[in-house]
Amino acid sequence: MVTYTCITKLMKNEKWDIRGTSLGGLFVLEPWITPSLFYQFLNQNQKNKIALDIYSFCDVLGSKEGNRQLLSHYRHWFNETHIQSLSNKKITHLRIPVGDWMFQPYGPYIGCTNGSKEYLDYVMNLCQKYRIRVLLDLHGVKESQNGLDNSGKSANMEFIVSPSNKERDSTLTFL
């Protein structure tokens, strides 16, 4: 187990030269960040076959297929080549959005998000190796904070097929 130094333990008068970015889309899926994961749900007419966030992604695909796709996504979305590139560009800080389901899975996350904590450890170790500090952002919690995909579970939204020139063009959107 690796121990990480918390920034609050640093000297109060330390001068910070922060150059940061965010690693959105790795653990908290948002269709606008990771659209390719959601293409498979296009042109679906049944609401229970449409995924628009990580909760419904796991629910619709099931734990086995959802986990297979997520593990592949983790490996391809962010790896050592990416962090080395960030380091070469003088990035000093990386924000990593995470969901509570990674630590104590519940509902459709059970089995679906297996391996996410281990991949987070992998990313954290890479950050340590390349001297990039990390801000863990608890981005999604049970029952969602705002009802949008960025909190893990969309809620109280009505999804429709968008009309274009008064004809259906099969574009999925929400009200």
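This text gives an overview of the structure that appears in the document. (Residues numbered from 1 in each chain as written. Predicted model: local features only at pLDDT ≥ 70, side-chain atom pairs only at ≥ 80, totals over all residues. Heavy atoms only, no water.)

**Looking at the overall build of the protein**
Next, step 1: Per the secondary structure count, the protein includes four helices and five strands.
Next, step 2: Seen in sequence order, the protein has helices and strands lined up from the N terminus as β-α-α-α-β-α-β-β-β.
Next, step 3: Residues counted as buried form 38% of the 175 residues belonging to the protein.
Next, step 4: Taking contacts inside the protein between residues at least 6 apart in sequence as the whole, the part at least 24 apart equals 67%.
Next, step 5: Surface summary for the protein: the accessible area is close to 11,100 Å², and the carbon and sulfur share equals 51%. (Helix = DSSP H or I, 4+ residues; strand = E, 2+ residues; numbered from the N terminus. Buried < 20%, exposed > 50% of the residue type's maximum accessible area, 1.4 Å probe, protein only. Contact = heavy atoms within 4.5 Å. Areas by Shrake-Rupley, 256 points an atom, 1.4 Å probe, with all protein chains shown as cover.)

**What to know about unusual backbone geometry**
Next, step 1: Positive phi values are uncommon outside glycine, yet N43 reaches one of about 65°.
Next, step 2: One non-glycine residue with positive phi stands out, namely R131, at about 60°.
Next, step 3: Given the relative accessible area of 76%, R131 is considered exposed.

**A word on the pairing of strand β3 (residues 133-140)**
Along any regular strand the residues' side chains alternate between the sheet's two faces.
Next, step 1: Sheet topology note: the strand β2 (residues 93-99)/β3 ladder contains seven bridges and is parallel. Bridge pairing in β3 links I96 to L136.
Next, step 2: Considered for its hand, the β-α-β crossover made up of β2, helix α4 (residues 116-129) and β3 is right-handed. (Pairing = 2+ DSSP bridges. Right-handed = clockwise from strand over helix to strand, strands pointing away.)

**Section: the sheet that holds strand β1 (residues 20-22)**
Next, step 1: Read across the sheet, three strands follow the order β1-β2-β3 without closing on themselves; strand pairing throughout is parallel. Here the strands that pair on one side only, and so sit at the sheet edges, are β1 and β3. Between one strand and the next, the sheet's axes are offset by a mean angle of 25°, whatever the strand orientation.
Next, step 2: In this fold α4 packs onto β2 and β3, with an angle of close to 170° to the strand it touches most, β2. (Axes fitted to C-alpha atoms, helices over the stretch in contact; angles between N-to-C directions.)

**Let's talk about the pairing of β2**
Next, step 1: Counting buried positions along β2 yields six of seven residues, so the element is predominantly enclosed.
Next, step 2: Of the pairings in the sheet, the one linking β1 to β2 comprises three bridges and is parallel in character. Pairing of S22 across the sheet is with R95, part of β2.

**Observations concerning the nonpolar core**
Next, step 1: In terms of nonpolar packing, the biggest core is built from 35 residues, with F27, F57, L94 and I96 touching the most fellow members.
Next, step 2: Counting residues per element, the ones that place at least two in this core are α1 (35-38), α2 (54-77), α3 (80-88), β2 and α4.
Next, step 3: For F57, the contacting residues outside a window of four places in its chain are L29, L37, F38, Q40, F41, A51, G66, Q69 and L70. (Core = buried A, V, L, I, M, F, W, Y, C linked by side-chain atoms within 4.5 Å.)

**What about the pattern of salt bridges?**
Opposite charge on two side chains permits pairing when their charged atoms draw close.
Next, step 1: Scanning all chains against the criterion turns up three salt bridges.
Next, step 2: Here R68 ties to E65 by a salt bridge, and the two come within 2.6 Å at their closest N and O atoms. Placement of both R68 and E65 in helix α2 is noted, with a separation of three residues, approximately one turn of the helix.
Next, step 3: Judged by its relative accessible area of 28%, E65 is partly exposed.
Next, step 4: Here D137 and R95 are joined by a salt bridge, their closest N and O atoms 2.6 Å apart. Of this pair, D137 sits in strand β3 while R95 sits in strand β2, and the two are 42 residues apart along the sequence. (Salt bridge = Lys/Arg side-chain N within 4 Å of Asp/Glu carboxyl O.)

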